[in-house]
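Spelled out, the chains give:
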Amino acid sequence: MAIQTVGVVGAGQMGSGIAHVFSLAGYDVLLNDIAQDSLDKAMATIDRNIERQVARGKVTPEDKSAAMARIRTTLDLTSLGPCDLIIEAATEKEAVKQAIFDKLAGHLAPHTILASNTSSISITRLASRTDRPEKFMGFHFMNPVPVMQLVELIRGIATDKATYDTLHDVVVRLGKTSSTSEDFPAFIVNRILMPMINEAVYTLYEGVGSVKSIDESMKLGANHPMGPLELADFIGLDTCLAIMNVLHDGLADTKYRPCPLLTKYVEAGWLGRKTQRGFYDYRGDVPVPTR
Ligand code: CAA
């Protein structure tokens, strides 16, 4: 099935990145959020990030203008109903995602495919509560969306082949590469990445190393582009904790227990870059480790 109109629910870090790459690939995007302020910020972020690509000669100014013109914003979730594809990219809380799919029900076109950008929650369970589990998939982008090559495709138990093939082709049109994961907690990337980040927090918690020494060790010793604590701040510590909880609950194995220090940072509201404080303090000119 040919996809042309794409609804994106949630205009945060992931939703704005998803709107960015879809509009540049020629799709018509309808971006939704509950707050006008978030929509305004998302449009400014998309403009700034496409401008970076223009400055590096990767996108022409004409393509940028055309892409920006293809994105419309709305506070009305139900107006996304007729889109060919709707991608939910709201916060990583099952109740929030559930409420979005409930609200969309009854407004969808018969052919509409539903997808969730969830980084860990069961696709089968999210799909089972909609009227179209066969047209429901996990469609997991990595952050920063415009830069990262991978999109994970996750089939729920009921997802049909036509839906899988359609989203597979969408990834190709975006110029990205897909990997296919079975629907088990946190899929592939986060199943491997989050325990590493959690272990880095334990390494800090137990005093084995400081924030600086842990991040430098993994950058210089394992050639990671970012240290694990810097990366945790980049992803959001609330998201990291939510994913560890899904792994812990879903696989019932103590090896996935979230580090108490990670929980403490989240309790403090120190969620990383988005709140200007996490394992680093971003309020000054250069990030300063908080431990
Ligand atoms: N939009 C568009 N372009 C962007 C961008 C954005 N938001 N952010 C960076 N770029 C571009 C830059 O313009 C630059 O382009 P060129 O290659 O053409 O020069 C390139 O990306 C590299 O950027 P910078 O030079 O500014 O910075 P860098 O070299 O330090 O790289 C980084 C930044 C790409 C983020 C790199 O540090 C990196 O790869 N970090 C790891 C990211 C990662 O692991 N992401 C996955 C997180 S897990 C996840 O997302 C799943 C989940 O569910 C939690």
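Computed from a predicted structure; not experimentally measured.

### Regarding the site of the ligand
Next up, step 1: Lining the immediate environment of the ligand, one finds 18 residues, of which Arg56, Lys58, His140, Asn143 and Asn190 sit closest.
Next up, step 2: The protein chains hide 70% of the 1,000 Å² of surface that the ligand would expose on its own.
Next up, step 3: Going through the elements one at a time, α2 (36–55), α7 (189–205) and α9 (228–235) are the ones with two or more residues in the shell around the ligand.
Next up, step 4: The residue makeup of the shell around the ligand, split by class, is 10 nonpolar, 5 polar and 3 charged.
Next up, step 5: Both of domain 1 (5–181) and domain 2 (190–281) provide at least three residues apiece to the shell around the ligand.

### Points about empty space enclosed by the protein
Next up, step 1: The tally for this structure, following the rule as stated, stands at 1 cavity of 30 Å³ or more.
Next up, step 2: If you add up the space inside the largest cavity, you get close to 30 Å³.
Next up, step 3: Lining the largest cavity are Phe101, Ala105, Leu108, Leu114, Thr130 and Asp131.
Next up, step 4: The residue makeup of the lining of the largest cavity, split by class, is 4 nonpolar, 1 polar and 1 charged.

### Topic: the pairing of strand β7 (residues 150–155)
Next up, step 1: Summarising the sheet, strand β6 (residues 136–141) and β7 pair through 5 bridges and their orientation is antiparallel. Looking across to β7, one finds that methionine 137 is bridged to arginine 155.
Next up, step 2: Handedness of the β7-helix α6 (residues 161–173)-strand β8 (residues 177–181) crossover: right-handed.

Each value, and the rule that gives it
- Residues numbered from 1 in each chain as written.
- Predicted model: local features only at pLDDT ≥ 70, side-chain atom pairs only at ≥ 80, totals over all residues.
- Heavy atoms only, no water.
- Near = heavy atom within 4 Å.
- Areas by Shrake-Rupley, 256 points an atom, 1.4 Å probe, with all protein chains shown as cover.
- Helix = DSSP H or I, 4+ residues; strand = E, 2+ residues; numbered from the N terminus.
- Nonpolar A, V, L, I, M, F, W, Y, C, P; charged D, E, K, R; others polar.
- Domains from an automatic or database assignment.
- 1 Å grid on protein atoms, 1.4 Å probe; cavity = no way out; pocket = protein on both sides within 12 Å on 5 of 7 lines; lining within 4 Å.
- Points joined across faces, edges and corners; volume = space filled by probe spheres on them.
- Pairing = 2+ DSSP bridges.
- Right-handed = clockwise from strand over helix to strand, strands pointing away.

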